[in-house]
Amino acid sequence: MTKQDLRIVFFGTPDFAVESLDALIKGGYNVAAVVTMPDKASGRGQKINYSAVKKYALEHELPLLQPERLKDEEFVSALRAVKADLFIVIAFRMLPEVVWTMPPLGTFNLHGSLLPLYRGAAPINRAIMDGVSETGVTTFFLKHDIDTGDIISRTRIDVGPDEDAGSVHDRLMEIGARLTVDTVEHIIKGDLKTTPQSELCGDTEPTPAPKIFKEDCLTDWSRDAAAIHNHVRGLAPYPSAWSHLSLQAEGDDTGTVKIIKTAHATAETGLKLKPGELALCGKRAYAGTGDGKVLELVTVQPAGKKPMGGADFLRGLRIAERGLSPHLK
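In this report, the structure presented in the accompanying data block is examined.

A word on the environment of Ser51
Along the chain, Ser51 falls in the loop between strand S4 (47-49) and helix H2 (52-59). When the C-alpha positions of Ser51 and His244 are compared, they lie 33 Å apart, and in sequence the two are 193 residues distant. If near-sequence neighbours (up to four positions away) are discounted, Ser51 is found in contact with Thr13 and Thr36. One polar contact links Ser51 to Thr36, side chain to side chain, over a distance of 2.8 Å.

Right, here's the structure in full:
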């Protein structure tokens, strides 16, 4: 079988999936159809927005399917009519069994973690929030339970102590595209070997990576500085960590602030701040944490405003002039 003989249906929605789709197209593989989410209306004008994968498919004149329900007989029939040999799923919805069992060569997924670690919808964010020093991407065949199928291949990367989820996402997107193509090549050659995830667990339990909601992004300033720093960078640049702002130590909330970037402060600051207490020291802004250490607020975004430096934010509050004692909580 050649790359042109192998008929592929590609399932995906965001930019993370586009990189792999582009690698397949540029590599001369036969993408017989693309499946992506239905168009969504958003904003005040309810403007219709296309997914990143749809935009790419239209630009390259690829046959496109956008089912509302993946079990609809009309969609299932249309999918069967493609007569695909292989399905590839990247950053898409969970497929019903009637879909993922359809192609004779199976359905494989590209996942943004080193499975069986971080199974779920937010593997990149959750891994950085946990402070991991390495992560990666995995290709595996789908089975009934989400992210539990036999592993085809994995690629690892190191994660820097100050690297955020956005930069890790972009690196994984690139190496994931290469791993996707490599996996297809092994399928074509017929020399694929898979490994059950149970064999890779050892003494470690699989870790969940559930979808992130607003309450997951609230920053707990009673935690230690390292945990808070990981929390912030794991949610940057989106959806972003956030905190309530109080302008008095025991005062009512006066709004919310997104915490976009923090940095570990040096011991030379000499600051002793309570958890969440804010202080301006020279040209830098700092916040206290639960272990007595302080974090520099490098970039923040007050509600309704653009991102700004932490020091600019605190200077704008005129703390000394107004006799304020601002806290994040």
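Focus on the pairing of strand S14 (residues 294-302)
Pairing geometry for strand S13 (residues 284-288) and S14, over 3 bridges, is antiparallel. Note on S14: the bridge partner recorded for Gly288 is Val294. Adjacent in sequence and paired antiparallel, S13 and S14 are bridged by 5 residues, among which Gly292 carries a positive phi angle near 85 degrees. Adjacent in sequence and paired antiparallel, S14 and strand S15 (residues 308-309) are bridged by 5 residues, among which Gly304 carries a positive phi angle near 80 degrees.

Some thoughts on the sheet that holds strand S2 (residues 30-35)
If you trace the 7 strands from one edge of the open sheet to the other, you get S5-S2-S1-S6-S7-S8-S9, paired in mixed fashion. Only two strands of the sheet have a single partner each, and these edge strands are strand S5 (64-65) and strand S9 (151-158). Bridge analysis of strand S7 (residues 107-111) against strand S8 (residues 134-141) gives 4 bridges, and the strand direction is antiparallel. Paired with Leu110 across the two strands is Thr139, which belongs to S8. Each of strand S1 (7-12), S2, strand S6 (86-90) and S7 touches helix H1 (residues 15-26); the most contacted strand, S1, lies at about 160 degrees to it.

Details of the pairing of S7
Taking burial as the measure, the 5 residues of S7 include 5 buried ones, the bulk of the element. Going residue by residue along S7, you find Thr107, Asn109 and His111 tucked away on one face and Phe108 and Leu110 tucked away on the opposite face as well. As judged from the 4 bridges shared by S6 and S7, these two strands associate in the parallel manner. When the bridges of S7 are listed, Ile88 appears paired with Phe108.

Quick word on the pattern of salt bridges
Evaluated as defined, the whole model comprises 9 salt bridges. Arg156 serves as the salt-bridge partner of Glu134, at 2.6 Å between the closest nitrogen and oxygen. Residue Glu134 is found in strand S8, and its partner Arg156 is found in strand S9; the two are separated by 22 residues along the sequence. On the accessibility criterion, Arg156 (47% relative accessible area) is partly exposed.

Brief notes about unusual backbone geometry
Between Ala236 and the following residue, Pro237, the backbone shows a cis peptide bond with an omega angle of 5 degrees. Note that Pro237 resides in the loop between helix H9 (225-234) and strand S10 (241-246). Following Tyr238, the chain continues to Pro239 via a peptide bond in cis, the omega torsion being 10 degrees. Its location among the elements puts Pro239 in the loop between H9 and S10. For Lys83, which is not a glycine, the phi torsion comes out positive at approximately 55 degrees. Counting through the fold element by element, Lys83 comes out in the loop between helix H3 (73-82) and S6. Relative accessible area serves as the criterion here: at 66%, Lys83 is assigned to the exposed category.

Brief notes about the packing of H1 against helix H6 (residues 165-189)
Following both chains from N to C, one finds H1 and H6 inclined at 40 degrees, their axes separated by 8 Å at the closest point. Viewed along their axes, H1 and H6 form a crossing whose handedness is right-handed. Between H1, through Asp15, Phe16, Glu19, Ser20, Ala23 and Leu24, and H6, the contact on the second element is made entirely by His169, Leu172, Met173, Glu174, Gly176, Ala177, Thr180, Val181 and Val184. Of the residues that constitute the contact of H1 with H6, the class distribution is 8 nonpolar, 4 polar and 3 charged.

Procedures and definitions
Residues numbered from 1 in each chain as written. Predicted model: local features only at pLDDT ≥ 70, side-chain atom pairs only at ≥ 80, totals over all residues. Heavy atoms only, no water. Helix = DSSP H or I, 4+ residues; strand = E, 2+ residues; numbered from the N terminus. Contact = heavy atoms within 4.5 Å. Polar contact = N/O pair within 3.5 Å; in protein donor to acceptor, adjacent residues only side chain to side chain. Pairing = 2+ DSSP bridges. Axes fitted to C-alpha atoms, helices over the stretch in contact; angles between N-to-C directions. Buried < 20%, exposed > 50% of the residue type's maximum accessible area, 1.4 Å probe, protein only. Salt bridge = Lys/Arg side-chain N within 4 Å of Asp/Glu carboxyl O. Left-handed = near helix turned anticlockwise from the far one by under 90°. Nonpolar A, V, L, I, M, F, W, Y, C, P; charged D, E, K, R; others polar.

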